[in-house]
Amino acid sequence: MAELEKRDLVSIEDLSTAEILELFQHADEFRANLREWSESCRGTIMATLFFEPSTRTRLSFESAMLRLGGGVITAADEKNTSRSKGESLADTVRVVGGSYADILVVRHPEDGAARVAARYARVPVINGGDGAHEHPTQTLCDLYTLWKEKGKLEGLEVVLCGDLRYSRTIHSFCYALARFHANIVTMPYPGFELPDYVLHRLKRDFGVQAAAASVADLPGLAGSSNAAAYLTASKPHQLALFTNLTNIEVNRIDAIYMTRAQRERHSGEDTTNYPRLTRNTLGAAAAKDARVMHPLPRVDEIDYDVDDDPRSVYFRQAELGVPMRMALMSFLLGKIQLRSARPAVLSVTPGITAGAGLRCRNERCITNNEGVRYLTRDFRLRDAEVPPVLSCAYCEREIEARFVGHTQSRLVHRYNAAEARRIKPENRVYFESEAQALAAGFQCQGG
Ligand code: CP
């Protein structure tokens, strides 16, 4: 596939920290008078392709483009698109991203779908939420809100509560918070903890280490188990706020981020005892300066009488979505320049094509669903040693590859054998097991 000279936003990692902070300044300018920018994107068309329900993301993007003077075309109900006849996402974005529209915003139920859209569309693609993978523009709104509320993002104390397993907003938010050296306390509904692949990535890429603990100082979370894990960027001073790792006392919370149970991604799990934030929670000394955040929609997890507390900022998060998305689209369309902008990157960096070998273990990944028809199984080498860790190029789920083969000799070795180390990177092919290598027509060597 040819190189794509465009910027996409599929993961929050597609923006540098400096770019994010500069986008906030532009969002402030847009926000100062939302009605002043109607010449900015005149003649530009944005398409919203939403194959899952949405209120805020789709409408705030559409509002943002209309305020910038551009036009909007939308597919808000997949039943009314040719997807219902079996058309693939790849074909849809090939058609819509070009003469139909200059920028696409895509929401899709399968993990990794946004990366597929970015790969096949000729125009910038923004991820409006793909399965349980990521929701990077929600994170931009969340960070922008926190930055305005707290005047900084560096070193904040943030409690994440609820369905941390399936909440894509949480996953993007974690990666971003880690970059700003936040201390993250996870307070999951039991069974809905942060997935291992998110924890591994926080540790490997940001030095954020998870440790189990219990929160003793956050009352009033109806239904809460008080079970928590404390993540720290392993800097001694960051432990100072906490008494110890077995009975954490949170002295100061900057934000409590609630999430709803992501029932559309559940398989009938019981959520009857799901946590609910009440006025009591905000009565805790540690929550004195906390901001209550939620990506919305809210179901039952924040009492309505918390809404008028000045610390509740969830409707502000939604409101700030319009100027934030105006800034983002202006940047991706080349209408504003960022001093810190890094060169355009490939939507999918050249990776490892697994051929008949590896398969993404995430059953919700687009490569195991509609992509079976047309996607190659691409992986990126995340960690070359102990044993090699590969991540799916679409949904980023990780696997350990304990066997390494040679594409020419068709011999396969254990990852730590001398023969494996001698194979040039361009000749390597990875497998999880001997059986997988044999099934792919390789011959196993001892080691
Ligand atoms: N926060 C969010 O993504 O809301 P919608 O599902 O309404 O777009």
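Criteria and cut-off values
- Every chain is numbered on its own, with residues counted from 1 as its sequence reads.
- Thresholds applied to this predicted model are a pLDDT of at least 70 for local features of residues and 80 or more for the giving and counting of side-chain atom pairs; totals over whole chains, interfaces and linings are not thresholded and use all residues.
- Side-chain metrics rest on all non-hydrogen atoms present in the structure, leaving aside hydrogens and water.
- Stacked, edge-to-face and tilted labels apply to pairs of Phe, Tyr and Trp rings (six-membered ring for Trp) whose centres lie within 6.5 Å, assigned for plane angles under 30 degrees, over 60, and everything in between, in that order.
- Helix and strand assignments follow DSSP, with helices taken as H or I runs no shorter than four residues and strands as E runs no shorter than two, numbered in order from the N terminus.
- Definition used: whenever NZ (Lys) or CZ (Arg) falls within 6 Å of the ring centre and also within 35 degrees of the ring normal, the charge is taken to sit over that ring.
- Helix axes are fitted only over the stretch in contact, all axes being lines through C-alpha atoms; the angle between N-to-C directions runs from 0 to 180 degrees.
- With the far helix as reference, a near helix turned anticlockwise by less than a right angle produces a left-handed crossing, and one turned clockwise produces a right-handed crossing.
- Residues count as neighbours in contact if any of their non-hydrogen atoms are within 4.5 Å of one another.
- Gly counts as polar in this scheme, as do all residues outside two lists: the nonpolar Ala, Val, Leu, Ile, Met, Phe, Trp, Tyr, Cys and Pro, and the charged Asp, Glu, Lys and Arg.
- Working definition: with a 1.4 Å probe on protein chains only, accessible area under 20% of the residue-type maximum means buried, over 50% means exposed, and in between means partly exposed.
- Under the rule applied, a polar contact is a pair of N or O atoms within 3.5 Å (in protein, one hydrogen donor and one hydrogen acceptor; residues adjacent in sequence only if both atoms are side-chain atoms).
- Basic side-chain nitrogens of Lys or Arg form a salt bridge, by our definition, when they fall within 4 Å of a carboxyl oxygen of Asp or Glu.
- By nonpolar core we mean a set of buried residues, namely Ala, Val, Leu, Ile, Met, Phe, Trp, Tyr and Cys, connected to one another through side-chain atoms within 4.5 Å.
- When DSSP finds at least two bridges between two strands, those strands are taken to pair.
- Here a residue counts as near a molecule or strand whenever at least one of its heavy atoms sits within 4 Å of it.
- Calculation of accessible area relied on Shrake-Rupley with a 1.4 Å probe; when residues are assessed, cover is drawn exclusively from the protein chains displayed.
- Each domain's extent was defined by an automatic or database domain assignment.
- Oblique is the label for any angle not under 35 degrees, not over 145, and not in the 65 to 115 range, which are roughly parallel, roughly antiparallel and roughly perpendicular in turn.
- Here, the term right-handed applies to a crossover whose path from the first strand over the helix to the second runs clockwise when the strands point away from the viewer.

The subject of this paragraph is the packing of aromatic side chains. Going through the model one piece at a time under the given rule, you end up with eleven aromatic pairs. Here the aromatic rings of Phe24 and Trp147 are separated by 5.1 Å at their centres, their planes lie at 40 degrees, and the arrangement is tilted. With Phe24 in helix α1 (residues 17-32) and Trp147 in helix α5 (residues 136-150), the pair connects residues that are 123 residues apart, well separated along the chain. One aromatic cluster is present, formed by Tyr166, Tyr189, Phe192 and Tyr274 through successive ring pairs. If you follow Arg83 out to its NZ or CZ, it ends over the ring of Phe51, 5.0 Å from the centre. Across from the ring centre of Tyr304, 3.7 Å away, lies the NZ or CZ of Arg298, which sits over that ring.

Let's shift gears to the packing of α1 against helix α10 (residues 321-332). Close contact between α1 and α10 brings their axes to 8 Å; oriented N to C, the two are set at 120 degrees. The hand of the α1/α10 crossing is right-handed. Residue-level inspection shows Glu19, Leu23, Phe24, His26, Ala27, Phe30 and Arg31 of α1 in contact with α10, the latter providing Pro323, Met324, Met326, Ala327, Leu328, Ser330 and Phe331. Taken together, the residues of the contact of α1 with α10 sort by class into ten nonpolar, two polar and two charged.

Here Asp378 lies in strand β14 (residues 378-383). Asp378 gets classed as buried once you look at its relative accessible area, which sits at 6%. A distance of 2.9 Å separates the side chain of Asp378 from the side chain of Arg119, its partner in a polar contact. Polar side-chain contacts of Asp378 include one of 3.1 Å to the side chain of Thr376.

Moving on: the pattern of salt bridges. Pairs can form between side chains of opposite charge whenever their charged atoms are close. Summed over all chains, the structure comprises 37 salt bridges. One salt bridge connects Glu52 with Arg265, and the closest N-O pair in it is separated by 3.4 Å. You can see Glu52 sitting in the loop between β1 (45-50) and α2 (56-67) and its partner Arg265 sitting in the loop between β10 (255-258) and β11 (276-277), a full 213 residues away along the chain. Glu52 gets classed as buried once you look at its relative accessible area, which sits at 12%. Accessibility expressed as a relative area gives 4% for Arg265, which makes it buried. Taking the shortest distance from any N to any O, the salt bridge between Glu370 and Arg83 comes out at 3.2 Å. Of this pair, Glu370 sits in the loop between β13 (352-353) and β14 while Arg83 sits in the loop between β2 (71-75) and α3 (89-96), placing them 287 residues apart in sequence. In terms of burial, Glu370 and Arg83 fall into one category: buried.

So, about the environment of Thr145. Counting through the fold element by element, Thr145 comes out in helix α5. Considered as a pair, Thr145 and Phe24 are 121 residues apart in the sequence and their alpha carbons are 9.6 Å apart. Ignoring any residue separated from it by four or fewer positions in sequence, one finds Thr145 in contact with Met293, Val313, Arg316, Gln317 and Leu320. Among the polar contacts listed, one links the side chain of Thr145 to the backbone oxygen of Cys141, at a separation of 2.6 Å.

As a further point, take the nonpolar core. Ranked by size, the top nonpolar core spans 60 residues in total, and within it Leu160, Leu202 and Leu328 carry the most contacts. Per-element tally for this core: the top contributor is α10, with eight residues.

Mapped onto the elements of the fold, Leu194 is located in the loop between β6 (183-188) and α7 (196-206). Taking the C-alpha atoms as reference points, Leu194 and Ser167, 27 residues apart in sequence, are found 9.0 Å from one another.

Within the open sheet, the four strands sit side by side as β19-β17-β18-β20. Their pairing is mixed. Unpaired on one side and paired on the other, β19 (428-431) and β20 (443-444) mark the two borders of the sheet. Looking at chain direction, strand β17 (residues 403-406) and strand β18 (residues 411-414) are connected through three bridges and run antiparallel. Residue pairing across strands places Phe403 opposite Arg414, the latter belonging to β18.

The ligand sits among Ser54, Thr55, Arg56, Thr57, Arg107, His135, Gln138, Pro295 and Leu296. Contacts to the ligand include Thr57, whose side-chain N or O atom sits 2.7 Å from an oxygen atom. Coverage of the ligand by the protein chains reaches 91% of its 250 Å² of free accessible surface. Residue-level mapping places the shell around the ligand at the junction of two domains, with at least three residues from each of domain 1 (12-134 + 320-332) and domain 2 (137-267 + 275-316).

Their axes nearest at 10 Å, the elements helix α6 (residues 168-179) and α7 cross at an angle of 20 degrees. With respect to their mutual orientation, α6 and α7 come out roughly parallel. Here α6 runs over α7; the crossing is right-handed. Contacts between α6 and α7 involve His171, Cys174, Tyr175, Ala178 and Arg179 from the former and Tyr197, Val198, Arg201, Leu202 and Phe206 from the latter. Split into classes, the residues belonging to the contact of α6 with α7 amount to seven nonpolar, one polar and two charged.

Assignment of secondary structure puts Gln317 in helix α9 (residues 314-319). Between the alpha carbons of Gln317 and Pro295 there is a distance of 7.2 Å; along the sequence they are 22 residues apart. Leave out the neighbours within four places in its chain, and Gln317 touches Gln138, Cys141, Asp142, Thr145, Tyr257, Val292, Met293, His294 and Pro295.

This brings us to the pairing of β1. By the criterion of burial, β1 is predominantly enclosed, with five of the six residues buried. Bridge count for β1 against β2 is five bridges, and the pairing is parallel. Counterpart to Thr48 in the pairing with β2 is Thr74. You can see the chain leave β1, run along α2 and come back into β2, and the turn it takes is right-handed.

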